[in-house]
Every structure is written in C-alpha cells, then in structure tokens.
Amino acid sequence: AQSVTQLDSQVPVFEEAPVELRCNYSSSVSVYLFWYVQYPNQGLQLLLKYLSGSTLVKGINGFEAEFNKSQTSFHLRKPSVHISDTAEYFCAVIRNEKLTFGTGTRLTIIP
Amino acid sequence: NAGVMQNPRHLVRRRGQEARLRCSPMKGHSHVYWYRQLPEEGLKFMVYLQKENIIDESGMPKERFSAEFPKEGPSILRIQQVVRGDSAAYFCASSPRQGYEGGYTFGSGTRLTVV
C-alpha cells in the first residue's frame, strides 16, 4: 500500500523568509507524487507533480520540490513566502487512479 | 473553459434527510472522482466513475451512500438519511482518461452541514 506522511501539521513563517514543507512517502513501486494547495474555503489546486525525469520539479507560484528516492521524500520549498501563500498544503501519491493524501500542513505567514 | 463545477457550494440538511451533490467535469473529461474531507483531516477517496459505470467504489461507506454518472448530465453523489458524521466537504475531480497521471482537476467542493 502507498501512503504519504506530512510531518508538520502547522508551519508559521515570517513573510519573505524561506519555507520547506516536508513529505515522506512509502511505496514498493515507482511513484507519481503531487503537491496540492487549498486556500480557505476553496478546492484543491495542483502546485506541481513528479512523474519521472529530473528530480527537481518547479511548480506555480514560485514553489519547487525535490524527489529524493533514497530518503523517500518529496519536500516542498519556496525561497521567499508572501502573505498570499497562507493556505493548507497537501502531498499526495497516486496509484490505480486513486490519490492518497497526507493530512496536510497549514502554512501561516507572519507579517 | 470552465473547470470542474460543483453545486451547491453549501448544503444544510437535517438528520434523516437526503443530500444530493452534483459535479460537472471539465469539458472533454469523462472520468470523475469523489473525495471527502472531514474536519481537520486530509481528503479520502470515495468513488471513481466513468460515464454510466462505477469503476472503483472501495472508499464508499457501505450504507446510505451512492454515486452515479449518467450518460447525460452531472455526476451525483447521494447520501440518504444523513447523520451528523456526514458533515464534511465533498470534492469532485475529473480527468480526460484512465491512467492519466497528470494530476486531477478539482472543483471547489460542497460543504455539507447536518443539523
């Protein structure tokens, strides 16, 4: 079975500071990994995805993530956050058409 | 090009009533997925449908829940005799084909409150 673990339920960060949101996955087979963002009272928006190829993946809104097979991680990073990045972020893995989500990390930006 | 459309956005039902949630996939998408987000939890898969077919309903509760995706019209998630524990956000996603690994497009959800 595949699963993802998001180690931090909440991450407060000062505006313009860098941020890393952690995600670890468990799978015995090749994985496709995703990061989604959910703004308050909204649906999920795809930030970025890793399917194959380069392990550094760039997404929207200045976010990027690095696939690390040896550490089974797919951490999300942004070098300088903005107030508008306040949201909940979900890591997910897909298999047999089903997305399995982590429990989410709530990113709060401190002015 | 409209995205995935869900309605209503908010739905209030009394215990014992029926809830009907609608999802219109993106244009050109024939695969629909329903997910449920309970308070303070991540999203959990419920059901995967193609037109007129249920492909995988392994995440659906055994009783009171059903889903359909008719040849014409939106996909419907139906909850009969709702209970307080059904209060959640229900999200629909769509994709253009089976085996599409590009990341599903999600709707804005229906927030069901059972009073």
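Structural notes, computed from the coordinates. Everything numeric here is computed off the predicted structure, so don't read it as measured data.

## A closer look at the packing of aromatic side chains
Scanning the entire structure with this criterion turns up 14 aromatic pairs over all chains. Here Phe101 of chain A and Tyr35 of chain B contribute two aromatic rings whose centre-to-centre distance is 5.8 Å and whose plane-to-plane angle is 90°, an arrangement assigned as edge-to-face. Residue Phe101 of chain A is located in strand β11 (residues 98-101), and its partner Tyr35 of chain B is located in strand β4 (residues 31-37); the two belong to separate chains. The same class applies to Phe101 of chain A and to Tyr35 of chain B, which are both buried. Ring centres of Tyr35 of chain B and Phe45 of chain B lie 5.8 Å apart, and the angle between their planes is 75°; on these two criteria the pair is classed as edge-to-face. Taken as a pair, Tyr35 of chain B in strand β4 and Phe45 of chain B in strand β5 (residues 43-50) lie far apart in primary sequence, 10 residues in all. With relative accessibility at 0%, the residue Tyr35 of chain B sits in the buried group. Ring pairs connect the aromatic residues Phe34, Tyr36, Phe90 and Phe101 of chain A together with Tyr35, Phe45 and Phe106 of chain B, which therefore count as one cluster.

## Comments concerning the interface of chain B and chain A
The interface of chain B with chain A comprises 24 residues on the first partner and 20 residues on the second. For the chain B and chain A pair, buried surface summed over both sides reaches about 1800 Å², with 50% attributable to carbon and sulfur atoms. When the area that chain B buries against chain A is broken down by residue, the three leading residues are Glu101, Tyr104 and Phe106 of chain B, summing to 30%. If you look at where chain B meets chain A, you find one salt bridge. Salt-bridge contacts for Asp56 of chain B lead to Lys98 of chain A; the nearest nitrogen and oxygen are separated by 3.2 Å.

## Here's the deal with the pattern of salt bridges
What the rule picks out here adds up to 10 salt bridges over all chains. Residue Asp8 of chain A is joined to Arg22 of chain A by a salt bridge in which the shortest nitrogen-to-oxygen separation is 2.9 Å. With Asp8 of chain A in the loop between β1 (3-5) and β2 (10-14) and Arg22 of chain A in the loop between β3 (19-21) and β4 (24-26), this pair connects stretches of sequence that are 14 residues apart. Here Arg22 of chain A falls in the partly exposed class, since its relative accessible area comes to 31%. Where Glu18 of chain B meets Arg78 of chain B, a salt bridge forms, and the shortest distance between an N and an O atom there is 2.8 Å. Of the two residues, Glu18 of chain B sits in the loop between β2 (10-13) and β3 (19-24) while Arg78 of chain B sits in strand β8 (residues 75-79), which places them 60 residues apart along the sequence. When salt bridges that share partners are traced, they join Glu20, Glu66 and Arg77 of chain A into one network.

## Overview of the sheet that holds β3 of chain B
Residues and elements named next belong to chain B. Taking strand neighbours across the sheet as the criterion, the four strands line up as β1-β3-β8-β7 in an open arrangement whose pairing is antiparallel. The outermost strands of the open sheet, each flanked by one partner alone, are β1 (5-7) and β7 (65-68). For this sheet, the mean angle separating the axes of adjacent strands, direction not counted, is 15°. Judged from the four bridges that link them, β7 and β8 form a sheet pairing that is antiparallel. For Phe65, the partnering residue across the bridge sits in β8 and is Ile79.

Cut-offs used in this document
- Residues numbered from 1 in each chain as written.
- Chains lettered and ligands numbered in written order.
- Predicted model: local features only at pLDDT ≥ 70, side-chain atom pairs only at ≥ 80, totals over all residues.
- Heavy atoms only, no water.
- Phe/Tyr/Trp six-rings, centres within 6.5 Å; stacked < 30°, edge-to-face > 60°.
- Helix = DSSP H or I, 4+ residues; strand = E, 2+ residues; numbered from the N terminus.
- Buried < 20%, exposed > 50% of the residue type's maximum accessible area, 1.4 Å probe, protein only.
- Contact = heavy atoms within 4.5 Å.
- Buried area = accessible area lost by both parts, 1.4 Å probe.
- Salt bridge = Lys/Arg side-chain N within 4 Å of Asp/Glu carboxyl O.
- Pairing = 2+ DSSP bridges.
- Axes fitted to C-alpha atoms, helices over the stretch in contact; angles between N-to-C directions.

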